[in-house]
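As a plain string of letters, each chain reads:
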Amino acid sequence: MLKRIICISVGISVLLLSGCAKILTAEETAPEINMVSNQNAMSLAVLDKREYVVNDDKTPAFEGIIRSSLGIPYTYTTPTQEAMSVYLSNRLSAGFDNHGIKLNVVETEPKMSVNSVVDDLSKDGLKSILIVLNEWKYDFHAFSDNSWYDMDVIIIDDLGNKKIVKNFKGENDIPDGGAISNEMQMIYKQRFENTFTDSEIIDALSQ
């Protein structure tokens, strides 16, 4: 056990210095979108409703916490310093673009309501995807290396009607060895690939 703690402590020290590592780009970590669709353009918004972001305890760029061997927490933001909503939108856009679907990304602010974002998405007359982040963070330390997500995925038709509201939530372990920013990007990639292979989401997008 002591050996594991020492190794993890060393690993955390490496992670704390991982700013020198090459950060993967949105294109390199874009989710693979393979659904059949007759759409060549859609709209997308990611709305960050994490409680600690809405109440200004954390900035919109907050990604997670890394704790020292003594348990001292250090707040980490997205490596690009972009708001999480922008950071995730960029990766989703790259994934849909690779599949031949252009995404019109609508910018959001944490204090916006879901309905106001739906109204904004409806203005361009395209089918839309709204992702609401209820939870999205990691906590990495000697005895735990987990990340959590809780998001609502809302599919909206070209008239502004909600076709489906589906919740996805879970927990992912963070692999050892790489820069945490890159490991998390690969986790995000897998989360979105699982989302867009869900049969109900596919049906709502294809209707």
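Residues numbered from 1 in each chain as written. Predicted model: local features only at pLDDT ≥ 70, side-chain atom pairs only at ≥ 80, totals over all residues. Heavy atoms only, no water.

Let's talk about helix H6 (residues 199-206)
A turn of α-helix holds 3.6 residues, and therefore any two residues three or four places apart point the same way. Applied cut-off: Burial classes follow relative accessibility: with a 1.4 Å probe on protein chains only, a residue under 20% of its type's maximum area counts as buried, one over 50% as exposed, and anything between as partly exposed. Secondary structure follows DSSP: runs of H or I at least 4 residues long count as helices, runs of E at least 2 residues long count as strands, and numbering of each begins at the N terminus. Comment: arc refers to directions from the helix axis out to C-beta atoms. Under this definition, polar contacts are N or O atom pairs within 3.5 Å; protein pairs additionally need one hydrogen-donor-capable and one acceptor-capable atom, and for neighbouring residues in sequence, both atoms have to be side-chain atoms.
What H6 keeps buried is the set Ile201, Ala204 and Leu205. The buried side chains of H6 occupy one side of the element, clustering within an arc of 95° when seen end-on. Here H6 starts with a cap whose side-chain oxygen sits 3.0 Å from the backbone nitrogen of glutamate 200, and that cap is aspartate 198.

Section: the pattern of salt bridges
The condition is simple: Whenever a carboxyl oxygen of Asp or Glu lies within 4 Å of a side-chain nitrogen of Lys or Arg, that contact is scored as a salt bridge.
Counted according to the given criterion, the structure contains 10 salt bridges. Residues lysine 22 and glutamate 28 are paired through a salt bridge, measuring 3.3 Å at the closest nitrogen-oxygen approach. We classify glutamate 28 as partly exposed; its relative accessible area is 41%. Note that lysine 111 is salt-bridged to aspartate 56, the shortest N-O span being 3.3 Å. Here lysine 111 is found in the loop between strand S4 (102-105) and helix H4 (114-122), whereas its partner aspartate 56 is found in the loop between helix H2 (51-54) and strand S2 (62-67), with 55 residues between them in sequence. Here the residues in one salt-bridge network are Lys166, Asp198 and Glu200, joined through shared partners.

Quick look at unusual backbone geometry
In the Ramachandran plot, aspartate 56 falls in the positive-phi region, its phi being about 70° despite a non-glycine side chain. Look at glutamine 81: it is not a glycine, yet its phi comes out positive at around 70°. Locating glutamine 81 in the fold gives a position in the loop between strand S3 (73-77) and helix H3 (84-98).

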